[in-house]
Amino acid sequence: MSNTGSGAGVTTEELRYRAAGLDLEGTLALPAGEGPMPAVLIAHEGGGLDRYQRERAARFAEQGFVAFALDYHGPHAPFPTQDAMVERRNALLADPFAVRSLVHAGHDILRGHDRVDAGRIAAVGYCLGGAIVLEYARTGADLRGIVGLHPALTPISPADSLRIVGEVLIHVGSDDPLVTAEDRHAFEAEMSAAGVRWEMHVHGGVRHSYTNESIADRPSAALAYDERAARHTWSSVLAFLDCVLDRSASCHDDRSVD
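Parameters at a glance
Position numbers for residues start from 1 in each chain and track the written sequence from start to end. This being a predicted model, a pLDDT of at least 70 is required before a residue's local features are given, and a value of 80 or more before pairs of side-chain atoms are given or counted; all residues contribute to the totals for chains, interfaces and linings. Note that the side-chain values use all heavy atoms of the structure and ignore hydrogens as well as water. Two aromatic rings, drawn from Phe, Tyr or Trp (for Trp, its six-membered ring), form a pair once their centres lie within 6.5 Å of each other, and the interplanar angle then sorts them: stacked below 30 degrees, edge-to-face above 60, tilted otherwise. Runs of H or I in DSSP of at least four residues are treated as helices and runs of E of at least two as strands, each being numbered from the N terminus. Each residue's exposure class comes from its accessible area (1.4 Å probe, protein chains only) as a fraction of the maximum for that residue type: buried when under 20%, exposed when over 50%, partly exposed otherwise. The salt bridge criterion pairs a side-chain nitrogen of Lys or Arg with a carboxyl oxygen of Asp or Glu, the two atoms within 4 Å. Buried and open spaces are told apart on a 1 Å grid over the protein atoms alone, a cavity being a set of points where a 1.4 Å probe fits but cannot get out and a pocket being an open set with protein on both sides within 12 Å along at least five of seven lines. Residues with an atom within 4 Å of a point are the lining residues. Grid points are joined across faces, edges and corners, and a volume is the space filled by probe spheres set on the points. Note that Gly is not counted as nonpolar here; it falls among the polar residues with everything else outside the nonpolar set of Ala, Val, Leu, Ile, Met, Phe, Trp, Tyr, Cys and Pro and the charged set of Asp, Glu, Lys and Arg. Multiplying 1.5 Å by the helix residue count minus one yields the expected span of that helix. Note on method: axes are straight lines fitted to C-alpha atoms, helices fitted across the in-contact stretch only, with angles between N-to-C directions ranging 0 to 180 degrees. Roughly parallel means an angle under 35 degrees; roughly antiparallel, over 145; roughly perpendicular, 65 to 115; everything else is oblique. Any two residues whose heavy atoms approach within 4.5 Å at even a single point are treated as in contact. N or O atoms closer than or at 3.5 Å make up a polar contact, with two conditions inside protein: a donor-capable atom paired with an acceptor-capable one, and, for residues adjacent in sequence, both atoms drawn from side chains. Note on pairing: DSSP must find at least two bridges between two strands before they are called paired. A crossover counts as right-handed when, viewed with the strands pointing away from the observer, the path leading from the first strand over the helix to the second turns clockwise.

Draft legend 1. Up close: the packing of aromatic side chains. Inspection of every chain in the model, using the stated rule, returns two aromatic pairs. When the ring of Phe 60 is compared with that of Trp 234, the centres are 5.0 Å apart and the planes differ by 65°; the resulting orientation is edge-to-face. Linking Phe 60 in helix H1 (residues 51-61) with Trp 234 in helix H6 (residues 227-244), this pair joins segments that are 174 residues apart in sequence. Like Phe 60, the residue Trp 234 is buried in the burial classification.

Draft legend 2. Broad picture of the pattern of salt bridges. For the coordinates displayed, the defined rule picks out 15 salt bridges. Between Arg 100 and Glu 135 there is a salt bridge, with the nearest N and O atoms lying 2.8 Å from each other. Note that Arg 100 is positioned in helix H3 (residues 96-111) and Glu 135 in helix H4 (residues 128-137), a separation of 35 residues in sequence. The class of Glu 135 is buried, set by a relative accessible area of 0%. Asp 242 is paired through a salt bridge with Arg 247; the nearest N and O atoms lie 2.8 Å apart.

Draft legend 3. Representation of the layout of surface pockets. In this structure, the largest pocket occupies an estimated 590 Å³ of space. Around the largest pocket sit 24 residues that line it, and Gly 46, Gly 47, Met 85, Cys 127 and Leu 223 are the ones nearest its centre. In terms of residue count, helix H2 (residues 82-93) provides more of the lining of the largest pocket than any other element does, four residues in total. Of the residues assigned to the lining of the largest pocket, the class counts are eleven nonpolar, nine polar and four charged. Roughly 280 Å³ of internal volume is contained in the second largest pocket. Taken together, 15 residues line the second largest pocket, and the ones lying closest to its centre are Tyr 52, Arg 59, Thr 211, Ala 230 and Trp 234. Mapped onto the lining of the second largest pocket, the elements with two or more residues apiece are H1 and H6.

Draft legend 4. Broad picture of H3. Taking 1.5 Å as the rise per residue, H3 with 16 residues should run 22 Å; its terminal C-alpha atoms sit 22 Å apart, in good agreement. Listing the buried residues of H3 in full gives Ala 98, Val 99, Arg 100, Leu 102, Val 103, Ala 105, Gly 106, His 107, Ile 109 and Leu 110.

Draft legend 5. Looking closely at the packing of H3 against H4. At a minimum axis distance of 9 Å, the contact between H3 and H4 shows a crossing angle of 85°. Viewed along their axes, H3 and H4 adopt a mutual orientation that is roughly perpendicular. Seen from H3, the contacting residues are Pro 96, Val 99, Arg 100, Val 103, His 104, His 107 and Arg 111; seen from H4, they are Ile 132, Glu 135 and Tyr 136. In the contact of H3 with H4, the residues fall into five nonpolar, two polar and three charged.

Draft legend 6. Empty space enclosed by the protein, seen in detail. Following the criterion strictly, the structure yields one cavity of 30 Å³ or more and no others. In this structure, the largest cavity spans a volume of roughly 30 Å³. Here the lining of the largest cavity is built from residues that sort into six nonpolar, one polar and one charged.

Draft legend 7. Summary view of the environment of Asp 108. Residue position: Asp 108 is located in helix H3. On the accessibility criterion, Asp 108 (36% relative accessible area) is partly exposed. It is 16 Å that separates the C-alpha atoms of Asp 108 and Glu 13, two residues lying 95 residues apart in sequence. Side-chain polar atoms of Asp 108 contact the side chain of Arg 111, separated by 2.6 Å.

Draft legend 8. Molecular detail of the environment of Ala 122. Along the chain, Ala 122 turns up in strand S6 (residues 116-126). Since its relative accessible area comes to 0%, Ala 122 is described here as buried. Sequence separation between Ala 122 and Asp 142 is 20 residues; the distance between their C-alpha atoms is 8.6 Å. If sequence neighbours within four positions are ignored, Ala 122 has contacts with Ala 39, Val 40, Leu 41, Leu 143, Gly 145, Leu 241 and Leu 245.

Draft legend 9. Quick peek at the pairing of strand S8 (residues 167-173). Counting buried positions over the seven residues of S8 gives seven, a clear majority of the element. Taking every second residue as pointing to the same face, both faces of S8 are buried, with Glu 167, Leu 169, His 171 and Gly 173 on one and Val 168, Ile 170 and Val 172 on the other. In this structure, S8 lies alongside strand S9 (residues 198-203), joined through six bridges in parallel fashion. Paired with His 171 across the strands is His 201, a residue of S9. Crossover S8 to S9 through helix H5 (residues 181-194) is right-handed.

Here it is, written out as structure tokens:
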């Protein structure tokens, strides 16, 4: 375990733990102030929990959330080749038990922390991490909200969506070749059939991984950072979390009228 400082009175620490047979290391970020506080569980993009992904925990903590950036690759990452990353991705998507175990371990770290209000936790996943937190939500996990940002929307266990208890927010680019219009429509039908309260924001002309500023100088046909869409998404995510984690009284008024 190591401790470091961050902005706005935020403290971060690296936590080693074990899940699904892997040695893992996630990043816990604590805001200034006393608990209990709402918390956010973060699942990184498919490439692994690198420095940029870890810094996302501090960014949420600066907004007053205890945040834990979980690790779902462990020693598999960093990947030596793109093919190795795809192989790991496919292995995870074929193993719902492992996926659920990996996220459950991170959820337990937050629930067990003395600064966390265990009844006010949401999960945010990026790219493959979006698919992973959605799959965990299908276990009936006590998550107030589930956020997928440019997430893989192909479900691992779609029949289990009936068990999702939290609200779902999705942000995706219209030109994301990894999340097609057909994927979006199938996901919409799945959520609606399961009776989940959900919303999806589609950003016109935006590609995959558009919230990831670390790829701003190396866009490709599939991936590109989009500053405007990323700004809008961040504001939307914070507003959503404020609502589902009871940080905004006006949200209850909005949700009391169907």
